[in-house]
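Here is what each chain is made of, one letter per residue.
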Amino acid sequence: MTDRLTIRRPDDWHVHLRDGAMLEAVAGHTARQFARAIIMPNLTPPVTSAAAASAYRERIVAALPPGTAFTPLMTCYLTDDTDPDEIAAGHEAGVFTACKLYPAHATTNSAHGVTDIRRMTTVLDRLQRIGMPLLIHGEVTDRAIDIFDREAVFVDRVLTPLTRDHPALKIVLEHITTAEAAAFVAEADHPIAATITPQHLLINRNAIFDGGLRPHAYCLPVAKRETHRLAVRRAAVSGSPRFFLGTDSAPHVIGAKESGCGCAGIFNAPFALEAYARVFDEEGALDRLEGFASEHGARFYGLPLNEGTVTLVREAVVVPDRVGDVVPFLAGETLGWRMLG
Ligand code: NCD
Ligand code: ZN
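Residues numbered from 1 in each chain as written. Chains lettered and ligands numbered in written order. Predicted model: local features only at pLDDT ≥ 70, side-chain atom pairs only at ≥ 80, totals over all residues. Heavy atoms only, no water.

Trainee: What exactly am I supposed to notice about the pairing of strand E3 (residues 36-39) here?
Mentor: For a regular strand, side chains alternate in direction, first toward one face of the sheet and then toward the other. Burial along E3 is two-sided: Arg36 and Ile38 facing one way and Ala37 and Ile39 facing the other are all buried. Both strand E2 (residues 12-15) and E3 contribute to a ladder of two bridges, which runs parallel. Looking at E3, one finds that Val15 is bridged to Ile39. Once you follow E2 into helix H1 (residues 20-33) and on to E3, the crossover reads as right-handed. After leaving E3, the chain enters helix H2 (residues 50-62) and then returns to the sheet as strand E4 (residues 71-77), a path that is right-handed. (Buried < 20%, exposed > 50% of the residue type's maximum accessible area, 1.4 Å probe, protein only. Helix = DSSP H or I, 4+ residues; strand = E, 2+ residues; numbered from the N terminus. Pairing = 2+ DSSP bridges. Right-handed = clockwise from strand over helix to strand, strands pointing away.)

Here it is in structure tokens:
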């Protein structure tokens, strides 16, 4: 049995670091485990210009102890009014790594998102031309569609025509939760990949209703039934370079979660690698963790692999009930792995 695992230093290809006091509180957790991270732009107001992204990147770096080896990779929040020239210039200048598409009102702070992807043709054409990845929150927002079906319907109604109309557009389908999304990404004749979170590998929708309403198990896309969790697990451990690590760590203060209308988002940054290690261990696939965590994402984005390593040891680690003002994912549970350092 493997009791000690050393892998190339990993990256987090989808994280919410927030701003202000929350940024100060959470940035160190991500920087401790990951060399780089794709920073989600859904602040209020959202990050829609290169100037705003540069300033945000500086605030992130300033929130870390001096000399911390961590690179924030910034994204541009697409709106109906996004100017393709602004994105291209930001990309060219090395500020924007990618663009994030939130269908309007799909999730936390997405009110300014895109109301109709068909209006985005000029932007998408430009992204395709300059090789800049489009990161997608893949859920339809039609309230007539059952919330558990919104990802599968998105794949069918939006993603399928999108890939057909933009055959060379690099796409990351973020935080996939369904068998349909996993199959589409695995099989598409298209430059497409997907991020996978710890929570969608470890919980199904029962966790949200386990003896009562569990707001800390609620995120978007919402966890699905067990068959989907198993399909997403198979994709993660498959070794396919199209699947890689993206925590979607999304902290909200306790009061915002434990509320009459609790926010969507799970804060998993403090023990993210440990949570993934548990999954790969349970699947007998620890030898594939490095590809998923440290190689596939960088290759998809066309970035160099990190130097250096991290080591995980088999050891009981109890996840605390609180990390600052936030309840972490798996609070109170014991994980079987610990990252050294
Ligand atoms: C995210 C947040 O809180 O910003 N919430 C979530 O449930 N994942 C937004 C998002 O990624 O959908
Ligand atoms: Zn997210």
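Let us keep going from here.
Trainee: Before we go on, may I ask you to explain empty space enclosed by the protein in this structure?
Mentor: Where empty space is left in the structure can be found by rolling a water-sized probe over the atoms. The final tally for this structure, using the stated rule, is three cavities of 30 Å³ or more. When its volume is computed, the largest cavity comes out at roughly 130 Å³. Of the residues contributing to the lining of the largest cavity, the split by class is six nonpolar, eight polar and three charged. (1 Å grid on protein atoms, 1.4 Å probe; cavity = no way out; pocket = protein on both sides within 12 Å on 5 of 7 lines; lining within 4 Å. Points joined across faces, edges and corners; volume = space filled by probe spheres on them. Nonpolar A, V, L, I, M, F, W, Y, C, P; charged D, E, K, R; others polar.)

Trainee: What is the right way to read the sheet that holds strand E11 (residues 334-339) from this model?
Mentor: Strands in a sheet are paired, the pairing made by backbone hydrogen bonds, and the direction either parallel or antiparallel. Taking strand neighbours across the sheet as the criterion, the three strands line up as E1-E10-E11 in an open arrangement whose pairing is antiparallel. Two strands in the sheet have a free side with no partner beyond their single neighbour: strand E1 (4-8) and E11. The average angle at which neighbouring strand axes cross in this sheet is 35°, direction not considered. As defined by bridge partners, E1 adjoins strand E10 (residues 309-318) across five bridges and the pair is classed as antiparallel. From the neighbouring strand, Thr6 faces E10, where its bridge partner is Thr311. (Axes fitted to C-alpha atoms, helices over the stretch in contact; angles between N-to-C directions.)

Trainee: Which parts of the structure should I look at to understand the site of ligand 1?
Mentor: Surrounding ligand 1, one finds 15 residues, the nearest of these being Arg18, Asn42, Thr107, Leu220 and Asp248. Between ligand 1 and His252, the relevant distance is 2.9 Å, taken from an oxygen atom to a side-chain nitrogen or oxygen of the residue. Between ligand 1 and Gly265, the relevant distance is 3.1 Å, taken from an oxygen atom to a main-chain nitrogen or oxygen of the residue. Within the complex, the protein chains bury 100% of what would otherwise be the 320 Å² of accessible surface of ligand 1. One can see that ligand 1 is located within the largest cavity. (Near = heavy atom within 4 Å. Polar contact = N/O pair within 3.5 Å; in protein donor to acceptor, adjacent residues only side chain to side chain. Areas by Shrake-Rupley, 256 points an atom, 1.4 Å probe, with all protein chains shown as cover. Sits in = over half its atoms within 2 Å of the grid points.)

Trainee: So what exactly am I meant to see when it comes to the pattern of salt bridges here?
Mentor: A side chain of one charge can pair with a side chain of the opposite charge if their charged atoms are brought near each other. In total, this model carries 13 salt bridges according to the counting rule given. The closest approach of N and O atoms between Asp3 and Arg314, which form a salt bridge, is 2.8 Å. Placement of Asp3 in the segment before E1 and of Arg314 in strand E10 is noted, with a sequence separation of 311 residues between them. We classify Arg314 as partly exposed; its relative accessible area is 27%. A salt bridge links Asp80 to Arg119; its shortest N-O distance comes to 3.2 Å. One end of the pair, Asp80, is in the loop between E4 and helix H3 (84-92); the other, Arg119, is in the loop between strand E5 (96-101) and helix H4 (121-130), with 39 residues separating them in the sequence. Each of Arg233, Arg278, Glu282 and Glu283 takes part in salt bridges that share partners, so that together they form one network. (Salt bridge = Lys/Arg side-chain N within 4 Å of Asp/Glu carboxyl O.)

Trainee: Before we go on, may I ask you to explain the side chain of Thr82 in this structure?
Mentor: One can find Thr82 in the loop between E4 and H3. Using a relative accessible area of 14% as the deciding quantity, one classes Thr82 as buried. For Thr82, the residues in contact, after removing those within four places along its chain, are Tyr77, Ile87 and Val123. (Contact = heavy atoms within 4.5 Å.)

Trainee: Please clarify how the sheet that holds strand E6 (residues 134-136) should be interpreted in this entry.
Mentor: The parallel open sheet is built from eight strands, whose spatial order is E2-E3-E4-E5-E6-E7-E8-E9. Unpaired on one side and paired on the other, E2 and strand E9 (243-245) mark the two borders of the sheet. Averaged over all adjacent pairs, the angle separating strand axes in this sheet is 30°, with direction ignored. In this structure, E5 lies alongside E6, joined through three bridges in parallel fashion. Bridge assignment links Cys99 to a residue of E6, and that residue is Leu134. Against the sheet, H3 contacts E4 and E5, and its axis sits at roughly 145° relative to E5. Contacts from helix H11 (residues 289-301) reach E2, E3, E5, E6, strand E7 (171-173), strand E8 (192-196) and E9 within the one sheet, and its direction differs from that of E9 by about 115°.

Trainee: Help me understand the packing of aromatic side chains, please; the structure alone is not making it clear to me.
Mentor: Aromatic ring pairs are described here by two measures, namely the spacing of the ring centres and the angle between the planes. Scanning the model with the defined rule gives eight aromatic pairs in all. Between Lys170 and the ring centre of Phe300, over which it is positioned, the NZ or CZ distance is 5.5 Å. The residue whose ring lies beneath Arg205 is Phe148, and the NZ or CZ to ring-centre distance is 4.6 Å. (Phe/Tyr/Trp six-rings, centres within 6.5 Å; stacked < 30°, edge-to-face > 60°. Lys NZ or Arg CZ within 6 Å of the ring centre and 35° of its normal.)

Trainee: Where do I start with the packing of helix H6 (residues 179-187) against helix H8 (residues 226-237) in this structure?
Mentor: Describing two packed helices takes the angle between their axes plus the distance from one axis to the other. Contact geometry for H6 and H8: axes closest at 8 Å, N-to-C directions at 25°. Put simply, H6 runs roughly parallel to H8. Contact residues: Ala179, Glu180 and Ala182 in H6; His228, Ala231 and Ala235 in H8. Classifying every residue of the contact of H6 with H8 gives four nonpolar, one polar and one charged. (Parallel < 35°, antiparallel > 145°, perpendicular 65-115°, else oblique.)

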